[in-house]
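# Coordinates in review
Residue-level listing of the chains:
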Amino acid sequence: MSTPLFDGVRKHAEKQPVQFHIPGHKKGSGMDPEFRNYIGENALAIDLINIAPLDDLHHPHGIIKEAQELAAEAFGADYTFFSVQGTSGAIMTMIMSVCSPGDKIIVPRNVHKSIMSAIIFSGANPIFIHPEIDPNLGISHGITTDSVEKALETHPDAKGLLVINPTYFGISGNLQKIVEIAHRYEVPVLVDEAHGVHIHFHDELPLSAMQAGADMAATSVHKLGGSMTQSSILNVKKGMVSPQRVQSIISMLTTTSTSYLLLASLDTARRRLATEGQQLLTNTIQLAEQTRKQLNDIPGIYCVGREILGDKATYDFDPTKLIISVKDLSMTGSEVENLLRERYNIEVELSDLYNILCIISLGDTKTETKKLVDALTQLSLESRDTSKPKHEMNVYVPRIPTLALSPRDAFYASTEVILLSQSVGRIIAEFIMVYPPGIPILIPGEIITQENLDYIEENIKEGLPVQGPEDETFQTIRVIKEFKAIK
Ligand SMILES: Cc1ncc(COP(=O)(O)O)c(C=O)c1O
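Residues numbered from 1 in each chain as written. Predicted model: local features only at pLDDT ≥ 70, side-chain atom pairs only at ≥ 80, totals over all residues. Heavy atoms only, no water.

## A look at the side chain of His 58
Take His 58: it is sitting in the loop between α3 (41–45) and α4 (63–75). Each residue touching His 58, except ones within four places of it in the same chain, is listed here: Gln 247, Ser 251, Thr 254, Thr 255, Thr 256 and Thr 258. (Helix = DSSP H or I, 4+ residues; strand = E, 2+ residues; numbered from the N terminus. Contact = heavy atoms within 4.5 Å.)

## Regarding the site of the ligand
Around the ligand, a shell composed of 13 residues is seen, among which Thr 87, Ser 88, Asp 192, His 195 and His 222 lie nearest. A distance of 2.8 Å is found between an oxygen atom of the ligand and a backbone nitrogen or oxygen belonging to Thr 87. For the ligand, a nitrogen atom lies 2.7 Å from a polar atom in the side chain of Asp 192. Contact with the protein chains covers 82% of the free accessible surface of the ligand, which is 390 Å². When contributions to the shell around the ligand are tallied by element, the ones reaching two or more residues are α5 (86–98) and α9 (221–224). In terms of residue class, the shell around the ligand is built from three nonpolar, eight polar and two charged. (Near = heavy atom within 4 Å. Polar contact = N/O pair within 3.5 Å; in protein donor to acceptor, adjacent residues only side chain to side chain. Areas by Shrake-Rupley, 256 points an atom, 1.4 Å probe, with all protein chains shown as cover. Nonpolar A, V, L, I, M, F, W, Y, C, P; charged D, E, K, R; others polar.)

## Here's the deal with helix α13 (residues 366–384)
In this model, α13 (19 residues) spans 27 Å end to end at C-alpha, consistent with the 27 Å of a helix rising 1.5 Å per residue. Every buried residue of α13 is accounted for by Thr 369, Leu 372, Val 373, Ala 375, Leu 376, Leu 379, Ser 380 and Ser 383. Viewed along the axis of α13, the buried residues span an arc of 165°, placing them on a single side of the element. Exposed and facing more than 90 degrees away from the buried side of α13 are Lys 366, Thr 367, Lys 370 and Lys 371. Elements in contact with the buried residues of α13: α11 (260–296), β13 (321–325), α12 (333–344) and β15 (355–359). (Expected span 1.5 Å × (residues − 1). Buried < 20%, exposed > 50% of the residue type's maximum accessible area, 1.4 Å probe, protein only. Arc of directions from axis to C-beta.)

## Quick look at the packing of aromatic side chains
The description of two aromatic rings rests on the distance between their centres and on the angle between their planes. Summed over the entire model, instances satisfying the criterion amount to two aromatic pairs. Here the aromatic rings of Phe 75 and Phe 201 are separated by 5.1 Å at their centres, their planes lie at 85°, and the arrangement is edge-to-face. Here the residue Phe 75 occupies a position in helix α4, and Phe 201 occupies one in the loop between β8 (189–193) and β9 (216–219), the gap between them amounting to 126 residues. Ring geometry for Phe 411 against Tyr 412: centres 5.2 Å apart, planes inclined by 85°, an arrangement best described as edge-to-face. Here Phe 411 falls in the partly exposed class, since its relative accessible area comes to 48%. The exposure class assigned to Tyr 412 is exposed, which follows from its relative accessible area of 59%. Stacked on the ring of Phe 128, the Lys or Arg Arg 109 has its end atom at 4.5 Å from the ring centre. (Phe/Tyr/Trp six-rings, centres within 6.5 Å; stacked < 30°, edge-to-face > 60°. Lys NZ or Arg CZ within 6 Å of the ring centre and 35° of its normal.)

## Some remarks on the packing of helix α1 (residues 4–14) against α4
Remark: α1 packs on α4, axes separated minimally by 7 Å, with the N-to-C direction vectors making an angle of 150°. Judged on the interaxial angle alone, α4 and α1 are roughly antiparallel. Every residue of α4 that contacts α1 at Pro 4, Leu 5, Gly 8 and Val 9 is listed here: Ile 63, Ile 64, Glu 66, Ala 67 and Leu 70. For the contact of α1 with α4, the residue count by class is seven nonpolar, one polar and one charged. (Axes fitted to C-alpha atoms, helices over the stretch in contact; angles between N-to-C directions. Parallel < 35°, antiparallel > 145°, perpendicular 65-115°, else oblique.)

## Some thoughts on unusual backbone geometry
Cis geometry is found at the peptide bond from Ile 22 to Pro 23, where omega equals 5°. Mapping Pro 23 onto the fold places it in the loop between α1 and α2 (33–39). The omega torsion of the bond from Asn 165 to Pro 166 falls at -10°, within 30 degrees of zero and hence cis. Assignment of secondary structure puts Pro 166 in the loop between β6 (160–164) and β7 (171–172). Its identity is not glycine, yet Gln 16 carries a phi of approximately 50°, on the positive side. As for its placement among the helices and strands, Gln 16 is situated in the loop between α1 and α2. On the basis of relative accessible area, Gln 16 is assigned to the exposed category, the value being 61%. One non-glycine residue, Gln 230, adopts positive backbone phi at about 95°. Residue placement: Gln 230 occurs in the loop between α9 and β10 (232–236).

That's the geometry; what it means functionally is another story.
Put into structure tokens, the structure is as follows:
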């Protein structure tokens, strides 16, 4: 199967043209030799710019167009747009393609920051749905079909429904049913598929956004699909979304100096997934399942498996994600993360109070997974010798506050800093969130309540990482300025 973009760039470099154009490092000759020698001549020879033979991501008519068409075919989309601004850029494009100032968009409360950025840029009003919280793991899952139905019944005029599928932890909702419900209301479904590029290429993995009939999906090829960091795609289905508008918005959000290293790596990652994905992923799933079994034999360790399926929010899951609950080791997830780093030279994907998350990908073998199993076995043995109390789970989520101003109006308004203890009734101009479960307590434009302040205080007391405001000590908070009447 061909890779027109990679081939085109490579052939151009092999001709060794005399370059009187940027980048000024000119195949590495004009750059620091230590860096040049470290990263290698080939990478620098294809670090090129959008000269005529290499097409232009902003107006693709040549090799980029061909590569995007092949990607659309591989991902079951009608159109694919390459992103050199990560999935964050693709997510912002999706939202800004369907929302104008004042429009409603239905989103889960535990969204990635790029979604809130797009809501601010577009001037849309978010209608939040609470994700389901898993009380045993202390993490949030996706949204249920029931909550989507309820949100659309109340807001049938929404311009879009955004779904995170699968979640960071690899849990999927019933996306096909969610799409069916949204389409009944003629509302397009936009999927944050940052953690699901591979699921399209194996029949035992959850349905991908395009397979489920969604209208757009922002997909991180770089996270789990083998392309270089920062390279992602935006898949679009014909019908409810204008591909011309998508092209012009992604272009507005994209650098004019697009990296051909990133673009060529998208082209080759697509070829590998399309031609060998099923086989490679079969091996990856087997490796992950073996590792899961070995981890579950370690006292005090629980690695989540299919037993969590069946709840409305846990319709399906990606077994290549190892959610490892360490709460019975009398250590927090972040303590385990640090010990793995310091003692065993192992880096995990993330940790929170109760869990660590490890991803098994096409790049792993038994050598790596054995190191993880051995290290956790050792930590488990040591933890049994301590008399430290187990971590008690206490995860709940406060009510979603009233939105008084659109996040954009709050973002651009005049603000002032006041004491947090005196902020009840004021409109906040910052974010405050707690992790886990990663759900904002307050977003710009919402009215602060006493319940919010109590919740923040309780979480800080329990040692949970409450984050967001400029003042990390939580003494003060930035709110919208109030103008008093002149006496
Ligand atoms: C759920 C989710 N959405 C979107 C993104 C953004 O992806 P990118 O880093 O490719 O911009 C991330 C990144 O971690 C994510 O976890």
